[in-house]
Amino acid sequence: KGVGGFDFQTVIAYFLLVLFLDGLVTPKDDEFRIAADIREGQISAFLVKPIDYLLYRFSLFASSRLLFTAMTLPVFLCLFFFTASYFSWPSDPGLWLLAIWTTAMAALLQFFITISIALLAFWMLEISTVVFIVYSFEYMLSGRMFPLSFMPEAVQKVLNWLPFPYELYFPVSVLMNRVHGTDLWFGLGVQAFWVAAAGAATQLMWKQGLRKYQAVGG
């Protein structure tokens, strides 16, 4: 039915969930704030204190996203109420738990990718070009622009191995009760792999960046 298994109603439901989860799991300008801290020497204040800078940034990211979601939740609840017939929610409590899990992992994945890009400021004066390039790929390949099932099957098979679909499209698909069985566990496994890989890359870049970092003046 429709295109890629989507008809008019499921497309509406899809984009409502995309808007909701995007506000919940996507960092907003964190990379530029972190890059500014590095470029202007502000992280020196953290290095001389028993404070983990990356954990500090994660606390800011998590709190800002939860606050934003809480503020916009009434609006989305109204939209979900008036479009209730458009949704096919998971009927199994276990699927709900997996949906929550994959949403949390999507937030971690986006956070680690954002931090990794920001840490390039240890080696680059300006990271805006890199941010623009990566964001362009994310916007198209994470499902923000359109459901990835609209793309040719061969392209979908390649995307299943990349991190981008697991930033948004996969959690939305789980919430829409569109992923089951082997595909579900495969997606969870690939997502976990990319979260671990991005986390390891972030830690490595942080340690290597600190070796290069110099702060002068007061």
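To be clear, the structure that these remarks concern was listed above.
Residues numbered from 1 in each chain as written. Predicted model: local features only at pLDDT ≥ 70, side-chain atom pairs only at ≥ 80, totals over all residues. Heavy atoms only, no water.

Chemist: Looking at this model, I keep getting lost on the layout of surface pockets. Mind explaining?
Modeler: Empty pockets left among the atoms are what a rolling probe the size of a water molecule brings to light. Size it by volume and the largest pocket reaches roughly 480 Å³. As for the largest pocket, its lining consists of 18 residues, of which Gln156, Asn160, Tyr169, Val179 and Asp183 are closest to the centre. Put simply, the parts of the chain that give the lining of the largest pocket at least two residues each are helix 7 (153-159), helix 8 (169-175) and helix 9 (181-212). In terms of residues, the lining of the largest pocket owes the most to one element, helix 7, which gives four residues. Residues belonging to the lining of the largest pocket are distributed by class as follows: eight nonpolar, six polar and four charged. (1 Å grid on protein atoms, 1.4 Å probe; cavity = no way out; pocket = protein on both sides within 12 Å on 5 of 7 lines; lining within 4 Å. Points joined across faces, edges and corners; volume = space filled by probe spheres on them. Helix = DSSP H or I, 4+ residues; strand = E, 2+ residues; numbered from the N terminus. Nonpolar A, V, L, I, M, F, W, Y, C, P; charged D, E, K, R; others polar.)

Chemist: Whenever I open this one, helix 1 (residues 8-25) confuses me. Can you help?
Modeler: Its 18 residues give helix 1 an end-to-end C-alpha distance of 26 Å, which sits within 8% of 26 Å, the value for a rise of 1.5 Å per residue. Of all the positions in helix 1, only Thr10, Ala13, Tyr14, Leu16, Leu17, Val18, Phe20, Leu21, Asp22, Gly23 and Val25 are classed as buried. Those residues of helix 1 that are buried lie in contact with helix 4 (53-82), helix 5 (93-118) and helix 8. Looking at where helix 1 begins, the residue whose side-chain oxygen comes 3.3 Å from the main-chain nitrogen of glutamine 9 is aspartate 7. (Expected span 1.5 Å × (residues − 1). Buried < 20%, exposed > 50% of the residue type's maximum accessible area, 1.4 Å probe, protein only. Contact = heavy atoms within 4.5 Å. Polar contact = N/O pair within 3.5 Å; in protein donor to acceptor, adjacent residues only side chain to side chain.)

Chemist: Could you clarify how one ought to interpret the nonpolar core in this entry?
Modeler: A general tendency of soluble globular proteins is for nonpolar side chains to be buried together. Residues Ile38 and Leu184 are the most contacted members of the largest nonpolar core, which totals 60 residues. Of all the elements, helix 5 adds the most residues to this core, at twelve residues. Beyond its immediate sequence surroundings of up to four residues, leucine 184 is in contact with Leu95, Leu98, Phe170, Val174 and Val179. (Core = buried A, V, L, I, M, F, W, Y, C linked by side-chain atoms within 4.5 Å.)

Chemist: How do you make sense of the pattern of salt bridges when you look at a structure like this?
Modeler: Where charged atoms from two side chains of opposite charge approach closely, those side chains can pair. Overall, the coordinates contain five salt bridges when judged by the stated rule. A salt bridge links aspartate 22 to lysine 28; the shortest N-O distance between them is 3.5 Å. Look at aspartate 22 and you get buried, because its relative accessible area is 18%. Judged by its relative accessible area of 33%, lysine 28 is partly exposed. One salt bridge in this structure joins aspartate 37 and arginine 57, with 3.9 Å as the shortest N-O distance. Taken together, the residues span a long stretch of sequence, with aspartate 37 in helix 2 (residues 30-39) and arginine 57 in helix 4 at a distance of 20 residues. Residue arginine 57 is classed as buried on the basis of its relative accessible area, which comes to 7%. Through salt bridges with shared partners, a single network forms among Asp22, Lys28 and Arg144. (Salt bridge = Lys/Arg side-chain N within 4 Å of Asp/Glu carboxyl O.)

Chemist: What am I meant to see in the environment of methionine 71 here?
Modeler: Looking at the secondary structure, you find methionine 71 in helix 4. Assessed through its relative accessible area of 62%, methionine 71 is described here as exposed.

Chemist: Which parts of the structure should I look at to understand unusual backbone geometry?
Modeler: Residues other than glycine predominantly adopt negative phi, and peptide bonds predominantly adopt the trans conformation. Residue aspartate 29 is not a glycine yet carries a positive backbone phi of 65°. Tracing the chain through its elements places aspartate 29 in the loop between helix 1 and helix 2.

The analysis is restricted to geometry; functional conclusions fall outside its scope.
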